[in-house]
2 protein chains.
Amino acid sequence: MTRFVCIVVLQACLNGLTVGPLAAQNNDEGLPAVYRETARAIINAALGDGQAYAMLEELCLQIGPRLSGSPEAAAAVEWSRNKMVEVGLEGVRLQPVMVPHWVRGPVESALVLNSESAGSVQLEVCALGGTIGTPEFGVIGEVIEVQNFEEVKALGKSAQGKIIFYNRALDRTLMTTFKAYGGAVDQRSRGAIEAAKVGAKAVLVRSMTTALDDVPHTGAMRYDDGVEKIPSAAISTIDADFLSRLLKQDQKVRLRLTLSAKTFADAPSANVLGEIRGSEKPEEVIVLGGHLDSWDKGHGAHDDGAGCMQSIEALRLLKSLDLKPKRTIRAVMFMNEENGVRGGLAYADSAGRSSEKHILAIESDRGGFTPRGFSVTAESAQFESIARWAGLLEAMAADKIVPGYGGVDINPLNKQFGVPVMGLVVDAHRYFDYHHSDNDTIDKVNERELELGAAAMAIISYVVAMEGI
Amino acid sequence: MTRFVCIVVLQACLNGLTVGPLAAQNNDEGLPAVYRETARAIINAALGDGQAYAMLEELCLQIGPRLSGSPEAAAAVEWSRNKMVEVGLEGVRLQPVMVPHWVRGPVESALVLNSESAGSVQLEVCALGGTIGTPEFGVIGEVIEVQNFEEVKALGKSAQGKIIFYNRALDRTLMTTFKAYGGAVDQRSRGAIEAAKVGAKAVLVRSMTTALDDVPHTGAMRYDDGVEKIPSAAISTIDADFLSRLLKQDQKVRLRLTLSAKTFADAPSANVLGEIRGSEKPEEVIVLGGHLDSWDKGHGAHDDGAGCMQSIEALRLLKSLDLKPKRTIRAVMFMNEENGVRGGLAYADSAGRSSEKHILAIESDRGGFTPRGFSVTAESAQFESIARWAGLLEAMAADKIVPGYGGVDINPLNKQFGVPVMGLVVDAHRYFDYHHSDNDTIDKVNERELELGAAAMAIISYVVAMEGI
């Protein structure tokens, strides 16, 4: 059976307007009328007068990127608290967490030195999050290109003193960009460890993007105890291709990598919480969240200002429609998803110690694009209980409720306490064009797409708050 | 029943990669294995090595916007012919058509004159396509804001010598932006006629966009025989809101509108055709098309360079996979969709005189966004015959095949000869942000989304070419 969505297509031409037949067939008919009406009211309010975009614009343009431990992250915490109070949430409060404090610093440079074919060329690079810096005048080494860790191991002693250049591209043939990302990101997260094991002195990693572009995309890297820490940087995909061509042409390519990155002592920060208290079972809690921190590039608009503002907006929408959930719905701005998940861990820890019962957590952290549904980690009966509401999301074609991952910040709630968790699934073909780079700015967010995501979160959280799981 | 799409979601965090369960359930299982494999191969080729984006980039950056009758439109015809030859299409040829030749000219200005509250203010306006110009020093009149034609009629004699300002916004609460557009576009297409009937001397029309932005969006307007022709221009939504506020504050607002637009005698132009000839029934034809002309703003990237390049690319994909359709599949670059549909009419006319039998026409003209399915105008049995292939599009979640409008250029084939027609349906929340404005540029197109649309067209046209309707 093909499910129809309401698709109306018109085209204006000089001779006026030609309108095709309307194909409308709602599949929410088995659901209680009151929820169908509520869902429609929420969608109308979101499209007609949603505030997620306006809030995101404020966050992006007044504060900008918000790396954990930075003054901007602190400002974002205050801003979020005020915004929650402003939209009328109850119990607005901070939940303190200590976060890693890594700073990029002013210098990041990779200079090809006197190559035979191209002379000296500056490449577009940026420090990967968590990397150590180089000495003031950089490290110089011959570049060796590899595709994976097996090739690194095979280099053995010949890697000594070299700069390892990881250049395995994301597999663009995969339909889900997250899967393409997942298939390549080991180079970024563990590349320095594996290279250091064979004596390399630094690492360059092809940017984790499906696009061919001229900006480097940062992201978390890590070190292992007992393995030497070496500096690592992302290189833009265009310059990765250039460097690869150069390596095919010239016998040797030498490069100077200079990074001023530095890690300081952990810094105080906080999750930000606000809620609509349940009218009948206030101790049963549904969490809506995104992460307030971002990388220090662009605006952190899609990643994840979008998910944060959608979480607040979902509650604002319910309030604006005077809907009073029986159970508590709480917006949580998680701190430090990008490089530590300290906020997510602290929230779960606190939930474990509380007398509250968390019945569901929903995260939006895949970009503020058109919603397609939710991916749910839950036991079978819980999954079915959630999936029965899919029809309410059909008008916006966001009714694919499938088993799948919830989100990094809410994952500890599931792992430690078995709380069902779910993530907003969106049309993410564009996501890695922007992800962790200077391209992740407010102008890349479409207002309608963002507001619809907030509506989807509002609808699901509201019906679960009324009916339980 | 909920249909599952293959959604895999991963998130990298500092502790490595956490991967959720994979929900994969294909609904193409009832379809012949050979077509399932072909569909997958087409999708892989499109995502891995598609050329629609590269071609669109060339068209946008080397030629730019291509208004009917302009030198750029002529260049686009030549460019398309060469491109079709380059990718190896057969029977590449031009089909001559005479097209309207309207020129915007260098001057378009709307100046608020000495208003009480804001003084003299220049507004963001542009001539609507087809408008007459004003005298060299413009027309000056008092502005009257209206929402619809009833209000214009009600003005009666008080409209004499005034400038009518149509300010009814698109209804943003509608899920389909095309429907919102359809509900407002009468102001643009017939606004000058209705205003002239009550003696107004010019018309300003709120831009047809769901966005609040600072660029005017042009588009076709028309005149009626026997009604005086008066100049008409689009005003940006931000300036429409400003003007509306000013009108609430001040007793009178006077404005000088100056437009240098001019209509010349019809000009020669052409549709561009190229095909893969059918191996068994070459006289049975499936058309894939977009319109090569655009408005003279931006690049005409989404509207409709995208659809044109997807049509050529669909054939290139089939050739690259060495697929040999039994029936002929033809790419048609229609000329003059925007202000005359002369290309679409000429093509249908020629089809009617030909010994060929057109069995299906597919148009892409709703922007190069993520495909969601097709809307089909056909008799019931034909519709079912097409819809049975939906499962082949499920991997890309483009499997919503619904009754609906086909497309402006292929509509004459349906109206005159009963040919089944269908349009590529896409995720169009962003479309009217760009539509007919300086914002419709190549950087607003995502490569993956565009290539997937080409793949969807290739898949459907191929199976129909093999199996008939």
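Bear in mind that the values here come from a model prediction, so they are computed numbers and not experimental data.

Draft legend 1. Looking closely at the overall build of chain A. Helix and strand counts for chain A stand at 13 helices and 18 strands. Against the compact-globule benchmark of 23 Å for 469 residues, chain A has a radius of gyration of 24 Å, which places it among compact chains. Expressed along its principal axes, the backbone C-alpha trace of chain A runs to roughly 70 × 65 × 40 Å. For chain A, with 469 residues in total, the buried portion stands at 65%. In chain A, the share of contacts with a sequence separation of at least 24, taken over all contacts with a separation of at least 6, comes to 81%.

Draft legend 2. Structural context of the domain arrangement of chain A. Residue and element names in this part refer to chain A. Entries for chain A in the domain assignment read domain 1 (29–99 + 266–467) and domain 2 (105–260). For domain 1 and domain 2, the distance between their C-alpha centres works out to 34 Å. Of the residues lining the interface, 15 residues belong to domain 1; the matching set on domain 2 comes to 19 residues. For the pair domain 1 and domain 2, the summed buried area comes to about 1,300 Å², and 64% of that belongs to carbon and sulfur atoms. The largest per-residue losses of area from domain 1 upon contact with domain 2 belong to W295, F432 and H436, which jointly make up 43% of the total buried on that side. Here domain 1 and domain 2 share one salt bridge between them. Measuring nitrogen to oxygen at the nearest pair gives 3.5 Å for the salt bridge that ties K297 to E108.

Draft legend 3. How the structure looks around the packing of aromatic side chains. Considering all chains together, one arrives at 22 aromatic pairs over all chains under this definition. Seen in terms of ring centroids, Y35 of chain B and W389 of chain B are 5.5 Å apart; in terms of plane orientation they differ by 85 degrees. Their pairing is edge-to-face. Of this pair, Y35 of chain B sits in helix α1 (residues 33–49) while W389 of chain B sits in the loop between α10 (380–387) and β17 (400–403), placing them 354 residues apart in sequence. Classification of W389 of chain B as buried rests on a relative accessible area of 2%. Chaining the aromatic ring pairs together yields one cluster made of F178, Y181, F369, Y431, F432 and Y434 of chain A.

Draft legend 4. Here's a closer look at the side chain of E363 of chain A. Residue and element names in this part refer to chain A. Checked against the element boundaries, E363 lands in strand β15 (residues 357–363). Of note is the side chain of E363, whose polar atom sits 3.1 Å from the backbone nitrogen of D409. Dropping the residues within four chain positions of it, E363 is found in contact with G289, G406, G407, V408, D409, I410, M422, G423 and L424.

Draft legend 5. Representation of the pairing of strand β14 (residues 327–334) of chain B within the structure. Residues and elements named next belong to chain B. Of all the eight residues making up β14, eight are buried; the element is thus mostly covered by neighbouring parts of the structure. Pairing of strand β12 (residues 262–276) with β14 involves five bridges; the strand directions are antiparallel. For L273, the partnering residue across the bridge sits in β14 and is V332. Direction of pairing for strand β13 (residues 281–291) relative to β14: parallel, over a ladder of eight bridges. Pairing of V287 across the sheet is with R330, part of β14.

Draft legend 6. Fine view of the environment of S115 of chain A. Residue and element names in this part refer to chain A. Along the polypeptide, S115 turns up in strand β4 (residues 108–115). By relative accessible area, which is 8% here, S115 ends up buried. Sequence separation of S115 and L255 is 140 residues, and the distance between their C-alpha atoms is 9.0 Å. Aside from chain neighbours lying at most four places away, what touches S115 is S120, L246 and D250.

Draft legend 7. Just the pattern of salt bridges, in detail. All names here are of chain A. A complete count under the given rule lists 52 salt bridges over all chains for this structure. R342 is the partner of D266 in a salt bridge, and the nearest nitrogen-oxygen pair spans 3.0 Å. Of this pair, D266 sits in strand β12 (residues 262–276) while R342 sits in helix α9 (residues 342–353); the two residues are 76 residues apart in sequence, bridging distant segments of the chain. According to the relative accessible area criterion, D266 is partly exposed, its value standing at 39%. In this structure, K324 engages D322 in a salt bridge whose closest nitrogen and oxygen atoms are separated by 3.1 Å. Both residues of the pair, K324 and D322, belong to the exposed class.

Draft legend 8. Spatial organisation of the pairing of strand β8 (residues 163–166) of chain A. Residues and elements named next belong to chain A. Neither face of β8 is exposed, since I163 and F165 on one face and I164 and Y166 on the opposite face are all buried. Here four bridges tie strand β7 (residues 139–146) to β8, and the two strands are oriented parallel to one another. What sits directly across from I144, in β8, is I164. Considered for its hand, the β-α-β crossover made up of β7, helix α4 (residues 149–155) and β8 is right-handed. Bridge analysis of β8 against strand β9 (residues 202–206) gives four bridges, and the strand direction is parallel. Residue pairing in the sheet places Y166 in a bridge with V205 of β9.

Draft legend 9. Molecular detail of the sheet that holds β17 of chain B. All names here are of chain B. Within the open sheet, the eight strands sit side by side as β3-β12-β14-β13-β15-β18-β16-β17. Their pairing is mixed. At either margin of the open sheet sits one strand with a lone partner, and together these are β3 (90–103) and β17. Taking each pair of neighbouring strands and ignoring which way they run, the sheet shows an average axis angle of 25 degrees. Bridge analysis of strand β16 (residues 371–377) against strand β18 (residues 421–426) gives six bridges, and the strand direction is antiparallel. Within β18, the position partnered with V376 by the bridge is M422. Its contacts with the sheet place helix α3 (residues 71–86) against β3, β12 and β14, and it is angled at close to 5 degrees to β12.

Draft legend 10. Inspection of helix α10 (residues 380–387) of chain A at higher detail. What α10 of chain A keeps buried is the set F383, S385, I386 and A387 of chain A. Buried positions along α10 of chain A lie against β15, β16 (371–377), β17 (400–403) and β18 (421–426) of chain A.

Draft legend 11. Representation of the packing of helix α1 (residues 33–49) of chain A against helix α8 (residues 301–320) of chain A in the model. All names here are of chain A. Running from amino to carboxyl end, α1 crosses α8 at an angle of 110 degrees, the nearest separation of the two axes being 10 Å. One way to sum up the angle between α1 and α8 is to call them roughly perpendicular. In this structure, α1 meets α8 at a crossing whose hand is right-handed. For the pair α1 and α8, contact is made by I42, A45, A46 and D49 and by R316, L317 and L318, respectively. Here the contact of α1 with α8 is built from residues that sort into five nonpolar, no polar and two charged.

Draft legend 12. Looking closely at the sheet that holds strand β10 (residues 232–235) of chain A. All names here are of chain A. The strand order β5-β4-β11-β7-β8-β9-β10-β6 describes an open sheet built from eight strands, whose pairing is mixed. Single-partner strands in this sheet number two, and they are β5 (119–123) and β6 (125–127). Ignoring which end each strand starts from, the neighbouring axes of this sheet average 30 degrees apart. Of the pairings in the sheet, the one linking β4 to β5 comprises four bridges and is antiparallel in character. If you follow A110 over to β5, its bridge partner there is L123.

Draft legend 13. Representation of the confidence of the model for chain A within the structure. Residue and element names in this part refer to chain A. Overall, the predicted model of chain A reaches an average pLDDT of 94, with 94% of residues at or above 70. The low-confidence segment residues 1–25, where pLDDT is below 50, has 80 contacts with residues more than four positions distant or belonging to other chains. This prediction of the complex comes with two scores: 0.93 for pTM and 0.92 for ipTM.

Draft legend 14. Region of the structure containing helix α7 (residues 237–249) of chain A. Across its 13 residues, α7 of chain A extends 19 Å between first and last C-alpha, which sits within 8% of the 18 Å expected from 1.5 Å per residue. Listed as buried for α7 of chain A are T237, D239, A240, L243, S244, L246 and L247 of chain A.

Draft legend 15. Representation of the packing of helix α2 (residues 52–63) of chain A against helix α13 (residues 447–467) of chain A. All names here are of chain A. Two elements in contact, α2 and α13, have axes separated by 8 Å at closest approach and are oriented at 110 degrees. Classified by the angle their axes make, α2 and α13 are roughly perpendicular. On the side of α2, the interface is formed by A52, Y53 and L56, while α13 contributes E447, L450 and E451. Classifying every residue of the contact of α2 with α13 by side-chain character gives four nonpolar, no polar and two charged.

Draft legend 16. Up close: the environment of S461 of chain A. Residues and elements named next belong to chain A. Within the fold, S461 resides in helix α13. C-alpha of S461 to C-alpha of I362: the two residues are 99 residues apart in sequence and 8.1 Å apart in space. Every residue in contact with S461, bar those within four places of it in the chain, is listed here: I286, L288, I329 and I362. Side-chain polar atoms of S461 contact the backbone oxygen of A458, separated by 3.2 Å.

Conventions adopted
- Residues numbered from 1 in each chain as written.
- Chains lettered and ligands numbered in written order.
- Predicted model: local features only at pLDDT ≥ 70, side-chain atom pairs only at ≥ 80, totals over all residues.
- Heavy atoms only, no water.
- Helix = DSSP H or I, 4+ residues; strand = E, 2+ residues; numbered from the N terminus.
- Rg over C-alpha atoms; globule rule 2.2 N^0.38 Å.
- Buried < 20%, exposed > 50% of the residue type's maximum accessible area, 1.4 Å probe, protein only.
- Contact = heavy atoms within 4.5 Å.
- Domains from an automatic or database assignment.
- Buried area = accessible area lost by both parts, 1.4 Å probe.
- Salt bridge = Lys/Arg side-chain N within 4 Å of Asp/Glu carboxyl O.
- Phe/Tyr/Trp six-rings, centres within 6.5 Å; stacked < 30°, edge-to-face > 60°.
- Polar contact = N/O pair within 3.5 Å; in protein donor to acceptor, adjacent residues only side chain to side chain.
- Pairing = 2+ DSSP bridges.
- Right-handed = clockwise from strand over helix to strand, strands pointing away.
- Axes fitted to C-alpha atoms, helices over the stretch in contact; angles between N-to-C directions.
- Parallel < 35°, antiparallel > 145°, perpendicular 65-115°, else oblique.
- Left-handed = near helix turned anticlockwise from the far one by under 90°.
- Nonpolar A, V, L, I, M, F, W, Y, C, P; charged D, E, K, R; others polar.
- pLDDT = per-residue confidence, 0-100.
- Expected span 1.5 Å × (residues − 1).

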